[in-house]
Amino acid sequence: EHQQRLLISTAAIGTPLAAYLVIGNYTASGHSHYLSTGLDSLVPLSLVWVLPYIYMYVSSVAPACAIADRRLLIRWAAAVALMYIIAAPIWVFYPVSVPRAALLGDDYYSYLLGIIQILDPPTNCFPSMHVAVATLGALVVRRVDKIIGTILLTTVFPIWYSTVAV
């Protein structure tokens, strides 16, 4: 039982992340598109927002930690897979990138963002999975525990904002 749970959880988190990185690195060397919105010019670069940006990875693991029912765990894994199956063709056939600001500082936030920029390819910016994964995770946890799930739902807005601010 525990081994199956670990396997399902690892597959639900690791497989999409691996696909995201492989596709991103594949498309990073080619032509990509830039989809500018009015919001981009309204939100200034703010490195402090790298913390909520990274927090998305914590929130994406939350369902794996909270779900005891094997059926719900499999449904969550299938939902994550479906999101990535829909996103992957867009990443491959219409790669979108955003300009990355030069990191001139040597402070903690610049260091964290520098690590992200090394690991995370500059493409796969549309659709961004940060908010989708965080929202799905929060909703699934809310099904199991209303209070914790609701708290996780309140973190979706900072995660969304962080994707624009960094």
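Keep in mind that what you see is a predicted model, and the values were worked out from it rather than measured. (Residues numbered from 1 in each chain as written. Predicted model: local features only at pLDDT ≥ 70, side-chain atom pairs only at ≥ 80, totals over all residues. Heavy atoms only, no water.)

Asks: I tried to follow the overall build of the chain on my own but got confused; where do I start?
Replies: Secondary structure assignment for the chain yields eight helices and zero strands. Across the chain, helices and strands are ordered from the amino to the carboxyl terminus as α-α-α-α-α-α-α-α. Relative to the globule expectation of 15 Å for 166 residues, the C-alpha radius of gyration of the chain, 17 Å, shows essentially globular dimensions. The principal-axis extent of the C-alpha atoms belonging to the chain is close to 50 × 35 × 30 Å. Relative to its full complement of 166 residues, the chain shows a buried share of 35%. Partitioning the intrachain contacts of the chain with sequence separation of at least 6 by distance along the chain shows that 84% fall at a separation of at least 24. For the chain, the computed accessible surface area is about 9,700 Å², with 69% contributed by carbon and sulfur atoms. Computed over 8 positive and 7 negative side-chain charges, the separation of the two mean positions in the chain equals 17 Å. (Helix = DSSP H or I, 4+ residues; strand = E, 2+ residues; numbered from the N terminus. Rg over C-alpha atoms; globule rule 2.2 N^0.38 Å. Buried < 20%, exposed > 50% of the residue type's maximum accessible area, 1.4 Å probe, protein only. Contact = heavy atoms within 4.5 Å. Areas by Shrake-Rupley, 256 points an atom, 1.4 Å probe, with all protein chains shown as cover. Lys, Arg positive; Asp, Glu negative; His and termini not counted. Charge placed at Lys NZ, Arg CZ, Asp CG, Glu CD.)

Asks: Please explain the packing of helix α4 (residues 70-93) against helix α6 (residues 129-144) as it appears in this structure.
Replies: A pair of packed helices is characterised by two quantities: the angle between their axes and the separation of those axes. At a minimum axis distance of 11 Å, the contact between α4 and α6 shows a crossing angle of 165 degrees. Taken together, the axis directions place α4 and α6 in an arrangement best described as roughly antiparallel. Between α4 and α6 the crossing geometry is right-handed. When α4 is examined against α6, the residues Leu72, Arg75, Trp76, Ala79, Val80, Met83, Tyr84, Ala87 and Trp91 are found in contact with a partner set consisting of Met129, Ala132, Val133, Leu136, Val140, Arg143 and Val144. (Axes fitted to C-alpha atoms, helices over the stretch in contact; angles between N-to-C directions. Parallel < 35°, antiparallel > 145°, perpendicular 65-115°, else oblique. Left-handed = near helix turned anticlockwise from the far one by under 90°.)

Asks: It is not clear to me how the confidence of the model for the chain should be interpreted in this structure. Could you clarify?
Replies: Caution applies to low-pLDDT regions: their predicted coordinates should not be interpreted in detail. Put simply, the chain has an average pLDDT of 90, and 100% of its residues get 70 or more. Here helix α2 (residues 38-42) stands out as the least confident element of the chain, with mean pLDDT 81; helix α7 (residues 146-154) is the most confident, with 96. (pLDDT = per-residue confidence, 0-100.)

Asks: How should I be thinking about the packing of aromatic side chains in this particular structure?
Replies: The geometry of an aromatic ring pair comes down to the distance between the two centres and the angle between the two planes. In total, this model carries seven aromatic pairs according to the counting rule given. For the ring pair tyrosine 84 and tryptophan 91, a centre distance of 5.8 Å and an interplane angle of 70 degrees mean the geometry is edge-to-face. For the pair formed by tyrosine 84 and tryptophan 91, the shared burial category is buried. Linked through ring pairs, Trp49, Phe157, Trp160 and Tyr161 together constitute an aromatic cluster. (Phe/Tyr/Trp six-rings, centres within 6.5 Å; stacked < 30°, edge-to-face > 60°.)

Asks: Any chance you could explain the environment of leucine 153 here in plain terms?
Replies: Counting through the fold element by element, leucine 153 comes out in helix α7. The exposure class of leucine 153 is partly exposed, given its relative accessible area of 29%. Between the C-alpha atom of leucine 153 and that of alanine 138, which follows or precedes it by 15 residues, the distance is 5.3 Å. In this structure leucine 153 touches Thr135, Ala138, Leu139 and Arg142, once residues within four positions along its chain are discounted.

Asks: Looking at this model, I keep getting lost on the layout of surface pockets. Mind explaining?
Replies: If a probe the size of a water molecule is rolled over the atoms, the empty space left behind becomes visible. As a volume, the largest pocket reaches approximately 1,200 Å³. In terms of lining, the largest pocket is formed by 47 residues, of which the most central are Tyr53, Val98, Cys125, Ser128 and Thr163. Looking at the lining of the largest pocket, the elements that each hand over two or more residues are α1 (2-28), α2, α3 (50-66), α4, α5 (108-119), α6 and α8 (156-165). Considering only residue class, the lining of the largest pocket consists of 36 nonpolar, eight polar and three charged. If you add up the space inside the second largest pocket, you get close to 180 Å³. Around the second largest pocket sit Leu17, Tyr20, Leu21, Ile54, Tyr57, Ile115, Ile116, Leu119 and Asp120, which together line it. For the lining of the second largest pocket, the elements supplying multiple residues, two or more each, are α1, α3 and α5. For the lining of the second largest pocket, the class distribution of residues is eight nonpolar, no polar and one charged. (1 Å grid on protein atoms, 1.4 Å probe; cavity = no way out; pocket = protein on both sides within 12 Å on 5 of 7 lines; lining within 4 Å. Points joined across faces, edges and corners; volume = space filled by probe spheres on them. Nonpolar A, V, L, I, M, F, W, Y, C, P; charged D, E, K, R; others polar.)

Asks: I'm lost on the environment of isoleucine 148 in this one. Help?
Replies: Among the secondary structure elements, isoleucine 148 is positioned in helix α7. Distance from isoleucine 148 to alanine 138, taken between C-alpha atoms, is 8.2 Å for residues 10 residues apart in sequence.

Asks: In this structure, what is going on with the side chain of threonine 27? I would like to understand it.
Replies: Structurally, threonine 27 is set in helix α1. Here threonine 123 takes part through its side chain, which lies 2.8 Å from a polar atom of the side chain of threonine 27. (Polar contact = N/O pair within 3.5 Å; in protein donor to acceptor, adjacent residues only side chain to side chain.)

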